[in-house]
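Here are the chains, one letter per residue:
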Amino acid sequence: MPFSVLKNAMIDPAKLKNLKNVLKKYGQAHLLAFWDQLDPAGREKLFDQINQLNFARINRWKTDFVLNLAPFKLPADIAPAPSYPPKPVDTAQRQKYEAARRHGENLISQGKVAAFVVAGGQGTRLGFDGPKGNFPISPVKNKTLFQIFAETIAAVCEKYRTTCPWYIMTSPLNHEQTLKIFDANNYYGLNKNNVFIFRQGTLPNFSLDGKILLAGLDTIATSPDGHGGALRALYNSGALSDMKKRGIEFISYWQVDNPLVNIFDPLFVGLHAIDNAEMSSKALAKTGPFEKLGNFCMSHGKIAVIEYSDLPNELAEKKNPDGSLVFELGSIAIHAISVDFAERFNNHGFSLPLHRAVKKIPYIDEKGNLIQPAEPNGVKLETFIFDALPLCEKSIILQTIRSEEFAPTKNAAGVDSIVTTRQMMIDRTTAWLESAGVKVPRKHDGSPDCIIEIAPGFTLSKDDVIEKRDKIPPIKPGQSVYFT
């Protein structure tokens with residue numbers, strides 16, 4: 001039930017009574033347990049937070065996702081999703097790829113494509129205090145993820161003689177930090193007016209018995225609403241309106257932990273546009289049946305993604321006659337999104353399904369003490385961006401090559417770690433140089449015997465390296481080399 005937000009420190013007694021009745025009706029009266037201990041500012045803060053909640057909807061969440069989580073139902077008609085291969089396989093497809101690439105280049109040069117990174121995460125799992133986007137990852141210069149993306153955008157703008165605005169979605173946890181980082185770095189040389197930083201939304205946290213948790217006496221416990229909240233946040237923040245004013249038609253979406261992403265890929269943008277798709281995806285052939293990537297599939301005539309934990313083993317391991325996996329395509333969170341689709345999503349009131357995660361959530365107990373639980377004690381809800389795919393009238397998938405475009409930095413060590421990401425950055429640079437005829441020293445095991453980094457301003461792709469061949473000096477074993 002909506003309530004008007006009070007602008008002064010005094011809460012209307014009638015409205016407070018009404019609020020108490022609503023909370024009692026939905027079993028959330030405990031949210032006002034410390035009301036009498038709060039000063040006027042604290043009361044207004046809490047009243048305002050509660051005022052934003054839709055309790056009828058929250059009650060459904062409580063029933064469906066907190067108390068009685070229904071098991072995932074696999075669609076009966078699940079089938080592998082069609083896709084474009086990384087390289088064309090016949091003359092007709094080669095001609096289409098060439099046309100799509102030209103069209104994509106035209107769209108980029110006309111300023112119709114925007115960059116959009118989801119950057120709400122912290123670097124905690126990397127052993128880093130701060131927004132993950134500020135983590136230094138490049139192998140020679142230790143450039144941060146933010147800096148790599150900014151330099152890439154700047155290089156694209158120079159190459160195509162255009163303006164490519166950059167939209168950055170933060171979380172409440174790191175929004176202010178991110179703003180300060182960009183200010184301190186002078187927006188990495190980009191025009192501040194072309195960088196739009198905004199916050200994603202949040203959802204309340206629940207105890208295992210369905211009570212909304214308090215993070216403070218006057219504060220509801222909340223957490224970011226997941227990368228699926230990106231479509232709503234684009235609208236609520238004014239970013240979508242800004243895109244429309246600029247004439248942006250397409251959004252290049254990626255997640256902040258992947259420094260190898262090809263932000264402005266003419267082929268991907270061109271195929272998406274030529275096929276009149278609304279939201280499209282890049283995919284990888286999985287390393288094995290149980291790689292922790294979402295699985296692309298078809299259901300009810302629509303492309304969808306089924307989480308790796310929800311795909312039965314017999315389907316995950318099912319193979320084609322040639323030995324390849326039937327469900328081999330994994331989602332890597334790289335999308336092309338049409339602005340018109342994002343606008344329609346919001347104007348028509350579409351919503352994405354919620355996903356449940358049981359977590360350790362700090363909370364205020366009945367005595368007003370802040371408790372740091374040792375075991376999972378509550379439920380966080382979030383949405384996933386790929387759940388928007390079945391809402392599209394048309395969607396395509398373009399397969400890409402892992403070594404060229406996917407090096408997620410998720411852990412301090414092991415799989416998808418700082419170490420593997422830096423090595424993949426070196427390996428890609430090595431492959432680019434060797435494709436241009438540059439000799440790169442290698443160790444006995446075949447790995448590069450040097451540390452190499454190429455600035456985006458020097459080259460954006462393997463094809464660009466050939467044009468710079470005469471500017472590349474000999475590389476010696478054990479050398480650290482930076483090309484700029």
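Every residue gets a number counted from 1 within its own chain, in the order that chain's sequence is written. Whole-chain, interface and lining totals are the exception, using all residues; otherwise, since this is a predicted model, local features are given only for residues with pLDDT of at least 70 and side-chain atom pairs are given and counted only at 80 or more. Only hydrogens and water are removed before side-chain values are computed, so all heavy atoms of the structure are retained for them.

(A) Expanded view of the side chain of His-335. Within the fold, His-335 resides in strand E14 (residues 329-338). Relative accessibility under 20% of the residue-type maximum defines a buried residue, over 50% an exposed one, and the middle range a partly exposed one, all with a 1.4 Å probe and only protein chains included. Judged by relative accessible area, which is 1%, His-335 ranks as buried. Side-chain polar atoms of His-335 contact the side chain of Ser-281, separated by 3.1 Å. In this description, contact between two residues means that some pair of their heavy atoms is separated by no more than 4.5 Å. With residues near it in sequence (within four places) discarded, His-335 still touches Ile-251, Ser-252, Tyr-253, Phe-268, Met-279, Ser-280, Ser-281 and Ile-385. Strands here are runs of E lasting at least two residues and helices are runs of H or I lasting at least four, both read from the DSSP assignment and numbered beginning at the N terminus. Any pair of nitrogen or oxygen atoms within 3.5 Å is treated as a polar contact; in protein, a donor-acceptor pairing is required on top of that, and neighbouring residues in sequence qualify only through side-chain atoms on both sides.

(B) Molecular detail of the packing of aromatic side chains. Planes of paired rings set the category: under 30 degrees apart is stacked, over 60 is edge-to-face and the rest tilted, where pairs are Phe, Tyr or Trp rings (Trp by its six-membered ring) whose centres lie within 6.5 Å. With the rule as written, the count across this model stands at 15 aromatic pairs. Between the aromatic rings of Phe-128 and Phe-135, the centroid separation amounts to 5.4 Å while the plane-to-plane angle is 85°, which identifies the pairing as edge-to-face. Aromatic side chains Phe-182 and Tyr-188 sit 5.2 Å apart centroid to centroid with 90° between the ring planes, which places their arrangement in the edge-to-face category. In terms of burial, Phe-182 and Tyr-188 fall into one category: buried. Every member of this aromatic cluster is reached through a ring pair, and the members are Phe-116, Tyr-167, Phe-196, Phe-198 and Tyr-253. A cation over a ring is seen here: Lys-468 above Phe-458, with NZ or CZ 4.6 Å from the ring centre. A ring is scored as having a charge over it whenever the NZ atom of a lysine or the CZ atom of an arginine sits within 6 Å of its centre and within 35 degrees of its normal.

(C) Main features of the packing of helix H4 (residues 91-109) against helix H9 (residues 266-274). To define axes, lines are fitted to C-alpha atoms, for helices over the stretch in contact only, and angles between the resulting N-to-C directions are given on a 0 to 180 degree scale. Remark: H4 packs on H9, axes separated minimally by 7 Å, with the N-to-C direction vectors making an angle of 100°. When the axes of H4 and H9 are compared, the pair comes out roughly perpendicular. Residue-level inspection shows Lys-96, Tyr-97, Ala-99, Ala-100, Arg-101, His-103, Gly-104, Glu-105, Leu-107 and Ile-108 of H4 in contact with H9, the latter providing Pro-266, Leu-267, Val-269, Gly-270, Leu-271, Ala-273 and Ile-274. Three residue categories are used. Nonpolar comprises Ala, Val, Leu, Ile, Met, Phe, Trp, Tyr, Cys and Pro, charged comprises Asp, Glu, Lys and Arg, and polar comprises the others, including Gly. Here the residues of the contact of H4 with H9 sort into 11 nonpolar, three polar and three charged. Any angle that falls under 35 degrees is termed roughly parallel, while one over 145 is termed roughly antiparallel, one within 65 to 115 roughly perpendicular, and all others oblique.

(D) Spotlight on unusual backbone geometry. Even without glycine at this site, His-300 takes up a positive phi of about 55°. Along the chain, His-300 falls in the loop between strand E12 (295-299) and strand E13 (302-306). The backbone of Ala-333 sits at a positive phi, close to 60°, despite the residue not being glycine. By secondary structure assignment, the location of Ala-333 is in strand E14.

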